[in-house]
Amino acid sequence: DPGYTFDGETNPICVPDGKERMRYDRLMVSAARGSRLRASGAELLGTEEISACDWGVKPSDHYGLLVDMAVAPAGAAGEASVVERAWSAMSEGARNLLAPR
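For clarity, every value in this text was computed on a predicted model and none was experimentally measured. (Residues numbered from 1 in each chain as written. Predicted model: local features only at pLDDT ≥ 70, side-chain atom pairs only at ≥ 80, totals over all residues. Heavy atoms only, no water.)

## Here's the deal with the overall build of the chain
We count it as follows: The helix count covers DSSP runs of H or I at least four residues long, the strand count covers runs of E at least two residues long, and both are numbered beginning at the N terminus. Exposure classes here rest on a 1.4 Å probe applied to the protein chains alone. A residue is buried below 20% of its type maximum, exposed above 50%, and partly exposed in between. Any two residues whose heavy atoms approach within 4.5 Å at even a single point are treated as in contact. Computed with the Shrake-Rupley method and a 1.4 Å probe, the accessible areas treat only the protein chains shown as cover for residues.
The helix and strand inventory of the chain stands at 2 helices and 4 strands. In the chain, the succession of helices and strands from N to C terminus is β-β-β-β-α-α. Here the chain holds 101 residues, and 21% of them are scored as buried. The long-range share in the chain, meaning contacts at least 24 apart out of those at least 6 apart in sequence, stands at 58%. Of the roughly 7,300 Å² of accessible surface on the chain, 55% is carried by carbon and sulfur atoms.

## Quick word on the pattern of salt bridges
Two side chains that carry opposite charge are able to pair once their charged atoms sit near each other. This is how the line gets drawn: The term salt bridge refers to a pairing of a side-chain nitrogen on Lys or Arg with a carboxyl oxygen on Asp or Glu at a separation within 4 Å.
Scanning the model with the defined rule gives 2 salt bridges in all. Between Arg21 and Asp7 there is a salt bridge, and its shortest N-O distance comes to 2.8 Å. Of this pair, Arg21 sits in strand S2 (residues 21–22) while Asp7 sits in strand S1 (residues 6–7); the two residues are 14 residues apart in sequence, bridging distant segments of the chain. Arg21 sits in the partly exposed class, given a relative accessible area of 24%. Judged by its relative accessible area of 4%, Asp7 is buried.

Right under this line is the structure:
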């Protein structure tokens, strides 16, 4: 599954250009320093036609994302956390906006 959240091929009523198939929607995650977040599962929501409508319309032009996250404690096996690398690359202002309160 390519994970398209905007898909003219599978959602032609809401997305008129059948060739426009993109992963426009993203999930952004912030975690306490030292934590390891990993996606443990993901699925698209809203891909089925609305049952009360007989002309094939779906809930939106964008499909929703449902992502299950798993947290492993610091020091767990595996490579350096992507979250930690992204955190260290951010400006101080961005880190202040995203820091847990």
